[in-house]
Number of protein chains: 2
Amino acid sequence: MNNRMMSLALFLFPGQHLGAWRLPDAIPEVDLGIEHYVRAAKLAEAAKLDAIFFEDQAAIPRSNNIMNGDTYGAANPRAMHFDPMMLLPALAMATTHLGLAATSTASFNEPYNLARRFASIDFISNGRAGWNLVTSFNESEAQNFGLDAHLEHSLRYERASEFIDVVNGLWDSWDEGAVIRDKKSGVYFDVEKMHFLKHEGKFFKVRGPLTMGRSPQGRPVIFQAGSSEPGRELAARTADVVFTLQTDMKASRAFREDIRQRAVRFGRDPDKIKILPGITPIVGKTDQEAEDFRTRMRDLIPEELAITHLAPHSGGLNFRDYDLNGPMPDLPETNAGKSHRDAIINLARGENLSILQTARRFAEGSYMKLVGAPTTIADTMQEWLDNDACDGFLAVPTHFPQGTEDFVSQVVPELQRRGIFRKEYTGKHLRDHLGVEKHT
Amino acid sequence: MNNRMMSLALFLFPGQHLGAWRLPDAIPEVDLGIEHYVRAAKLAEAAKLDAIFFEDQAAIPRSNNIMNGDTYGAANPRAMHFDPMMLLPALAMATTHLGLAATSTASFNEPYNLARRFASIDFISNGRAGWNLVTSFNESEAQNFGLDAHLEHSLRYERASEFIDVVNGLWDSWDEGAVIRDKKSGVYFDVEKMHFLKHEGKFFKVRGPLTMGRSPQGRPVIFQAGSSEPGRELAARTADVVFTLQTDMKASRAFREDIRQRAVRFGRDPDKIKILPGITPIVGKTDQEAEDFRTRMRDLIPEELAITHLAPHSGGLNFRDYDLNGPMPDLPETNAGKSHRDAIINLARGENLSILQTARRFAEGSYMKLVGAPTTIADTMQEWLDNDACDGFLAVPTHFPQGTEDFVSQVVPELQRRGIFRKEYTGKHLRDHLGVEKHT
């Protein structure tokens, strides 16, 4: 027991569970409905969560994108989403303390634009902005940006590494207190506190400075989720928060320790980098009720949609050539992200599932399912925290609003009772909530 | 007299007047202060304006950017601004009818990203989004995006022309009613109503579709401000609203007629394209009071700042080598935008102004000054409307909040009394307010 407090972020991910949206009380319209996002953010803030987070892909899911040349074709709910960066200024107006974070790809944006947008959000939210750096992992995205195939994996990370240095450099291009707007003297800002970046690297050439003084946090919070070797190196060097797909406590502890050791090698305080495994809480009055609820939601996943959704990870195999009730075949390597392929193989092999069973399980979402009564879920979360397997969690409910409401109104209060999650916000900025390094 | 109604947009441009921010009741903090933007948007909505608009440059002003290698160096207030696109979702939450428009450059963005962002804003605002397409005109911006100099003028417009076709194509990539989210059948959207764009052009290769169904307006409103030959062609073919710098009614009438004739050649209804000259209203109880107020604000422009601000248009001349109270020397041709250089020369020669007088006049902002009592200002606006010199105006006050308050509380009611501006919103979307073509 170490009595550490945990960090908790809500990941509102419409369509993550490909069946739960069909529940009678589910509101699938959350995907494009700002009023529902506002409701979710207010729920998260009332529960004193660190942040609300939204992922992004700059393309419809590959399963639907290859559909015309494929035998599969069930419409994937995950096709429907905003550029989530655009949600953050809106949610800033509806909340006062909650951190606001969104994915934006380093592969198809310019660092000057991205730095300026997240600095703008940091001002608009009074210091609550966070950016999840991804390098994008699929060809559907590449095809929206002039490329036939994606940049090779290690090149993507090399580019991302330079990208984030440029972004940080731009965020640092104005010192604290530079903007004085002195009516008497007529001096608007102190030119000595403005710095040209003059970056010239392998991928970028950026002069700077930004068009605004130093933002409230100095630097918006950096989130990452890389699990590959270059992904871990980049996270250890530059991330404040690392999201991770983990299902085994010992493996998660090893992952966390690995990131921390790498961080030390980069001269960082390892306690300033927070490792948050993703969890999907499925809550019931009893453990059995929760298990039954999970099964009920899984049964709502249309077979065609489940297979459609799995197809892009088949490495070219057409699952229709196989007996869907037979065992999962070996999946070839691809240039795409590795973590999903590994997760699918582990799932099928670990529990000896058929192709269809695997597909339905995969269509429940990728994150560790914590299924049970609130105390059961809290037990697991506490165990992981106490065993240094994490610094908190990214909670990804199955559907809205019930999945979110169950978590914030039943699980979070249990964590608060146990003294492992805050009852009130004590800081103002997202960096305060997370306990990561400050840049002001 | 034709009893046309006019369109009115508020252009909130912190720092446009380089002296008025020093007035005792001015709030220069509006530049990075969301609460002030909210106040401005609410004032504009209460006055039933069509839209609030924000410009952008993805760089600090050239005057400050070249400062290190120059003898000038007064900090330019215009250096301080957000990426204005990030303001729109926030202001959508504080308003219900007001149109929300911002500049975003076609030269340093990807069309897929831009289309998705403005479609997101259109959803978040329930059909009130507008995008001002610019090609960017200065080298300071180019230097933040890997270039030493800017793309050649006609190439920029050729690229912008393809850019907007891609954006429109993406906005049309989902038919109305495609997203059904049918819980019973498990069908989320109608795949027959989703269209791949598969654009392959000279500059872009974009597969599509967008990651969201058709937005409330179908297509967010397109604003442009080009005055060159390719700029007029692009506007006539693709813009809903054209902003323009005009100071002479006959010239403005000729400009409007030119754009309308070009629109007809592109098969468009010329009444669906709105020409809005920029005006800076300076309001007093009497005409004399307004003139005195203009002089008082102009005297607040620091000499050093006025000269700094003029420097980028000097074509390499150092004004400090000249007598600032002497006549304006001939200005060499440059590769930068020509309209500002021409405006400066016309100003100096036309009124026989000294260098410093010219600099101070230029630092009052580029838009036509309407100076006088509310009825005087309304007279001019009505005269321009009645003589088909415009379809309305883009009002650019000198400072916040007074400049905005004077316009909406004194000038707008006078226009309403005369029956040439709406007293209530009759539509829901920005396209309704403007009376431009609908895409749903």
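Residues numbered from 1 in each chain as written. Chains lettered and ligands numbered in written order. Predicted model: local features only at pLDDT ≥ 70, side-chain atom pairs only at ≥ 80, totals over all residues. Heavy atoms only, no water.

Q: Before we go on, may I ask you to explain the overall build of chain A in this structure?
A: In terms of regular secondary structure, chain A is built from 15 helices and 13 strands. In terms of C-alpha radius of gyration, chain A reaches 22 Å, essentially the compact-globule figure of 22 Å for 440 residues. Principal-axis analysis of the C-alpha atoms gives chain A an extent of 75 × 50 × 45 Å. The burial tally for chain A puts 65% of its 440 residues in the buried class. Residue pairs in contact within chain A that sit at least 24 positions apart in sequence constitute 77% of those at least 6 positions apart. Surface summary for chain A: the accessible area is close to 15,200 Å², and the carbon and sulfur share equals 47%. Computing the positive centroid from 51 side-chain charges and the negative centroid from 59, chain A places the two 5 Å apart. (Helix = DSSP H or I, 4+ residues; strand = E, 2+ residues; numbered from the N terminus. Rg over C-alpha atoms; globule rule 2.2 N^0.38 Å. Buried < 20%, exposed > 50% of the residue type's maximum accessible area, 1.4 Å probe, protein only. Contact = heavy atoms within 4.5 Å. Areas by Shrake-Rupley, 256 points an atom, 1.4 Å probe, with all protein chains shown as cover. Lys, Arg positive; Asp, Glu negative; His and termini not counted. Charge placed at Lys NZ, Arg CZ, Asp CG, Glu CD.)

Q: Explanation requested: the interface of chain A and chain B in the structure shown.
A: Where interface size is given, it is often the accessible area lost as the parts come together that is meant. The interface is formed by 77 residues belonging to chain A together with 77 residues belonging to chain B. For the chain A and chain B pair, buried surface summed over both sides reaches about 6,700 Å², with 60% attributable to carbon and sulfur atoms. Taken as a group, Met-86, Lys-183 and Tyr-188 of chain A account for 12% of the area that chain A buries against chain B, more than any other trio of residues on that side. Where chain A packs against chain B, one counts six salt bridges. Inspection of the region where chain A meets chain B yields 36 residue pairs in polar contact (both at pLDDT 80 or more). When its residues are assigned to classes, the side of chain A that touches chain B shows 42 nonpolar, 19 polar and 16 charged. (Buried area = accessible area lost by both parts, 1.4 Å probe. Salt bridge = Lys/Arg side-chain N within 4 Å of Asp/Glu carboxyl O. Polar contact = N/O pair within 3.5 Å; in protein donor to acceptor, adjacent residues only side chain to side chain. Nonpolar A, V, L, I, M, F, W, Y, C, P; charged D, E, K, R; others polar.)

Q: It is not clear to me how unusual backbone geometry should be interpreted in this structure. Could you clarify?
A: Most peptide bonds take the trans form, and the phi angle of most residues other than glycine is negative. Looking along the chain, the bond that leaves Gly-208 of chain A and enters Pro-209 of chain A is cis, with omega of -5°. The residue Pro-209 of chain A is located in the loop between strand S8 (205-206) and strand S9 (221-224) in this model. Phi at Asp-388 of chain A is positive, roughly 55°, even though this residue is not glycine. Its identity is not glycine, yet Asn-126 of chain B carries a phi of approximately 55°, on the positive side. Relative to the helices and strands, Asn-126 of chain B is located in the loop between helix H4 (111-124) and strand S4 (129-134).

Q: Mind showing me how you'd approach the pairing of strand S10 (residues 241-244) of chain B here?
A: Strand residues, when the strand is regular, have side chains that alternate between the two faces of the sheet. All names here are of chain B. Neither face of S10 is left uncovered, since the one carrying Val-241 and Phe-243 and the one carrying Val-242 and Thr-244 both have all their residues buried. Inspection of the sheet shows strand S9 (residues 221-224) paired to S10 by two bridges, in the parallel sense. Residue pairing across strands places Phe-223 opposite Val-241, the latter belonging to S10. At this point the chain moves from S9, through helix H7 (residues 229-238), to the parallel S10, and the crossover so formed is right-handed. One crossover worth recording links S10 to the parallel strand S11 (residues 274-283) by way of helix H8 (residues 249-265), and it is right-handed. (Pairing = 2+ DSSP bridges. Right-handed = clockwise from strand over helix to strand, strands pointing away.)

Q: Just to check I follow, could you spell out the pattern of salt bridges for this structure?
A: Opposite charge on two side chains makes pairing possible when the charged atoms of those side chains draw close. Residue and element names in this part refer to chain A. Evaluated as defined, the whole model comprises 63 salt bridges over all chains. Asp-165 is the partner of Arg-237 in a salt bridge, and the nearest nitrogen-oxygen pair spans 3.0 Å. Remark: Asp-165 occurs in helix H6 (residues 153-171) and Arg-237 occurs in helix H7 (residues 229-238); sequence separation between them is 72 residues. For Arg-237, a relative accessible area of 28% corresponds to the partly exposed category. Asp-165 gets classed as partly exposed once you look at its relative accessible area, which sits at 36%.

Q: Is there a simple way to think about the UniProt feature "binding site: FMN" (unreviewed entry) in chain A in this case?
A: Residues and elements named next belong to chain A. Under the UniProt annotation, "binding site: FMN" (unreviewed entry) lies at Asp-56, Thr-103, His-153, Tyr-157, Ser-227 and Ser-228. By the element assignment, His-153 lies in helix H6. We classify His-153 as buried; its relative accessible area is 13%. Here Ser-228 shows up in the loop between S9 and H7. (UniProt positions renumbered as here; feature names shortened; annotations may be inferred.)

Q: Help me understand the relation of the copies chain A and chain B, please; the structure alone is not making it clear to me.
A: Put simply, the two copies of the chain differ by a rotation about an axis and a shift along that axis. You can overlay chain A on chain B at an RMSD of 0.5 Å; the transform is a turn of 180° with a shift of 0.0 Å along its axis. Put plainly, the chains are arranged around a two-fold axis. Measuring from the rotation axis to each C-alpha of chain A, the shortest distance belongs to Ala-90 of chain A, at 2.1 Å. Most of the interface of chain A is mirrored in chain B, where 100% of its interface residues are also at the interface. (Least-squares fit on C-alpha atoms with pLDDT ≥ 70 in both.)

Q: Can you help me understand the packing of aromatic side chains in this one?
A: By convention here, two paired aromatic rings are described through the distance between centres and the angle between planes. Residue and element names in this part refer to chain A. Within the structure shown, the criterion is met by 36 aromatic pairs over all chains. When the ring of Tyr-37 is compared with that of Phe-54, the centres are 5.5 Å apart and the planes differ by 70°; the resulting orientation is edge-to-face. On the criterion of sequence distance, the pair formed by Tyr-37 in helix H1 (residues 34-46) and Phe-54 in strand S2 (residues 51-54) is long-range, its members being 17 residues apart. Judged by relative accessible area, Tyr-37 falls into the buried class, the value being 3%. (Phe/Tyr/Trp six-rings, centres within 6.5 Å; stacked < 30°, edge-to-face > 60°.)

Q: What is the right way to look at helix H4 (residues 111-124) of chain A in this model?
A: Think of an α-helix as turning once every 3.6 residues; residues three or four places apart then point the same way. An ideal rise of 1.5 Å per residue puts 20 Å on 14 residues; H4 of chain A measures up with 20 Å between its terminal C-alpha atoms. A large share of H4 of chain A lies buried, amounting to 14 of its 14 residues. (Expected span 1.5 Å × (residues − 1).)

Q: Mind showing me how you'd approach the packing of helix H13 (residues 374-386) of chain B against helix H14 (residues 402-417) of chain B here?
A: Two quantities define a packed helix pair, namely the angle between the helix axes and the distance between the axes. All names here are of chain B. Closest axis-to-axis distance for the H13/H14 pair is 9 Å, and the angle between their directions is 55°. Classified by the interaxial angle, the pair formed by H13 and H14 is oblique. In terms of crossing hand, the pair formed by H13 and H14 is right-handed. Taken together, the residues of H14 that come into contact with H13 (itself represented by Pro-374, Thr-375, Ile-377, Ala-378 and Met-381) are Phe-407, Gln-410, Val-411, Glu-414 and Leu-415. (Axes fitted to C-alpha atoms, helices over the stretch in contact; angles between N-to-C directions. Parallel < 35°, antiparallel > 145°, perpendicular 65-115°, else oblique. Left-handed = near helix turned anticlockwise from the far one by under 90°.)

Q: So what exactly am I meant to see when it comes to the pairing of strand S13 (residues 392-395) of chain A here?
A: All names here are of chain A. Residues Gly-392 and Leu-394 line one face of S13 and the alternating positions Phe-393 and Ala-395 line the opposite face, and both faces are buried. Relative to S13, strand S1 (residues 7-11) is paired through four bridges, and the arrangement is parallel. In the strand pairing of S13, Ala-9 is matched with Leu-394. Relative to S13, strand S11 (residues 274-283) runs parallel, the two being bridged by two bridges.

Q: Is there a simple way to explain helix H13 (residues 374-386) of chain A in this structure?
A: Residue and element names in this part refer to chain A. A rise of 1.5 Å per residue sets the reference length of H13, with its 13 residues, at 18 Å; its end C-alpha atoms lie 18 Å apart and thus fit the reference within 8%. Among the residues making up H13, those that are buried are Pro-374, Ile-377, Ala-378, Met-381, Gln-382, Trp-384, Leu-385 and Asp-386. Just past H13, the residue Asp-388 takes up positive phi, approximately 55°.

Q: Honestly, the environment of Ile-124 of chain B in this entry has me stumped. Any pointers?
A: Assignment of secondary structure puts Ile-124 of chain B in helix H4. Linking Ile-124 of chain B and Thr-375 of chain B, residues 251 residues apart in sequence, is a C-alpha distance of 38 Å. In this structure Ile-124 of chain B touches Ile-34, Phe-82, Met-86, Leu-87 and Ala-90 of chain A together with Pro-89 and Ala-92 of chain B, once residues within four positions along its chain are discounted.

Q: Explanation requested: the packing of helix H3 (residues 87-94) of chain B against H4 of chain B in the structure shown.
A: All names here are of chain B. It is at 9 Å that the axes of H3 and H4 come closest, and there the two elements cross at 5°. Taken together, the axis directions place H3 and H4 in an arrangement best described as roughly parallel. Judged by residue contacts, Leu-88, Pro-89 and Ala-92 of H3 engage Phe-118, Ile-121 and Ile-124 from H4.

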